[in-house]
Amino acid sequence: REWALVCADRFYELVNQHFYDGNYFFRALRGFVVQWGINGDPAVAKRWAEAAFPDDPPRVSNKIGTVVFATAGPNTRTTQLFINLADNSRLDSQGFTPFGEVIQGMENVMNFYMDYGEGAPRGAGPDQDRITQQGNSYLAQNFPKLDKINTASVVP
């Protein structure tokens, strides 16, 4: 919470509501990021896609292993997250604010399936609009090698 209070609180809320259970890591780009955070149930994904929350001021750099909410501009964060797979300090000035860090198991993150590439329309990987509209069935059918979260929980 000391890095980014609003981000940490939103993450805590989403985990406790089991939002991330069953989420696929739909964007996994070697040397850059691994991203997730679109719920597999289209009704749930749509409801949360409209629940933007305000930005936190950056206090920590986008170094390897930091966890960050994705953004499409000021005050547009909702549910999507990424883990930095490299030193992405160039993102610091773009409003990407780390709020957490992988402290154990980063080697597992580095071994996620990363061969689908960037998502549509820039690449052949998963299309975020189709994930939102069709849910996990779209990913399971078209991108069967993606890694996913079974259950996310807060550990005291």
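Scope of this entry: the structure provided in the associated data block. All figures in this text were calculated on a predicted structure; none of them were measured in a lab. (Residues numbered from 1 in each chain as written. Predicted model: local features only at pLDDT ≥ 70, side-chain atom pairs only at ≥ 80, totals over all residues. Heavy atoms only, no water.)

## Some points on the overall build of the chain
Looking only at helices and strands, one finds 5 helices and 5 strands in the chain. Helices (α) and strands (β) of the chain occur, in sequence order from the N terminus, as α-β-β-α-β-β-β-α-α-α. Over its C-alpha atoms the chain spans a radius of gyration of 15 Å, differing by no more than 12% from the 15 Å that the globule rule assigns to 156 residues. Principal-axis analysis of the C-alpha atoms places the extent of the chain at approximately 40 × 30 × 30 Å. Among the 156 residues that make up the chain, the fraction classed as buried is 47%. Sequence-distant contacts, at least 24 apart, represent 67% of the contacts inside the chain between residues at least 6 apart. In the form shown here, the chain has an accessible surface area of approximately 8,300 Å², with 50% of it arising from carbon and sulfur atoms. Looking at charge distribution, the chain has the averaged site of its 14 positive side-chain charges lying 3 Å from that of its 17 negative ones. (Helix = DSSP H or I, 4+ residues; strand = E, 2+ residues; numbered from the N terminus. Rg over C-alpha atoms; globule rule 2.2 N^0.38 Å. Buried < 20%, exposed > 50% of the residue type's maximum accessible area, 1.4 Å probe, protein only. Contact = heavy atoms within 4.5 Å. Areas by Shrake-Rupley, 256 points an atom, 1.4 Å probe, with all protein chains shown as cover. Lys, Arg positive; Asp, Glu negative; His and termini not counted. Charge placed at Lys NZ, Arg CZ, Asp CG, Glu CD.)

## Remarks on the pattern of salt bridges
Applying the stated rule across the entire model yields 7 salt bridges. Ionic pairing is found between Arg27 and Glu118, a salt bridge with its closest N-O pair at 2.7 Å. Here Glu118 lies in the loop between α3 (106–110) and α4 (128–134) and Arg27 lies in strand β1 (residues 27–29), a separation of 91 residues in the sequence. Here the salt bridges do not stand alone but share partners, grouping Arg27, Glu118 and Arg122 into one network. (Salt bridge = Lys/Arg side-chain N within 4 Å of Asp/Glu carboxyl O.)

## Describing helix α1 (residues 5–16)
Between its first and last C-alpha, α1 extends 17 Å over 12 residues, near the 16 Å set by a 1.5 Å rise per residue. Those residues of α1 that are buried are in contact with α2 (42–49), β3 (66–69) and β5 (98–101). Directly after α1, the chain includes His18, whose backbone phi takes a positive value near 60°. (Expected span 1.5 Å × (residues − 1).)

## Some details on the sheet that holds β3
Within the open sheet, the 5 strands sit side by side as β1-β2-β4-β3-β5. Their pairing is antiparallel. Each of the sheet's edge strands pairs with one partner strand only, and the pair in question is β1 and β5. Ignoring which end each strand starts from, the neighbouring axes of this sheet average 20° apart. Relative to strand β2 (residues 33–36), β1 runs antiparallel, the two sharing 3 bridges. The residue bridging Leu29 from the neighbouring strand is Val33, located in β2. Sheet contacts for α1: β3, β4 (81–84) and β5; angle to β3, the most-contacted strand, approximately 85°. (Pairing = 2+ DSSP bridges. Axes fitted to C-alpha atoms, helices over the stretch in contact; angles between N-to-C directions.)

## A closer look at the pairing of β2
Of the two faces of β2, the one holding Val33 and Gln35 and the one holding Val34 and Trp36 are both buried throughout. Between β1 and β2, which pair antiparallel and follow one another directly, the connecting turn spans 3 residues, one of which, Gly31, has a positive phi of 75°. The pairing of β2 with β4 spans 4 bridges and is antiparallel. Within β4, the residue paired with Trp36 across the bridge is Leu81.

## A closer look at the side chain of Thr66
Counting through the fold element by element, Thr66 comes out in strand β3. You can call Thr66 buried: its relative accessible area is 0%. Engagement of the side chain of Thr66 in a polar contact is seen with the backbone oxygen of Lys63, the distance being 2.7 Å. Within the structure, the side chain of Thr66 is placed 2.8 Å from the side chain of Asn84, a separation counted as a polar contact. (Polar contact = N/O pair within 3.5 Å; in protein donor to acceptor, adjacent residues only side chain to side chain.)

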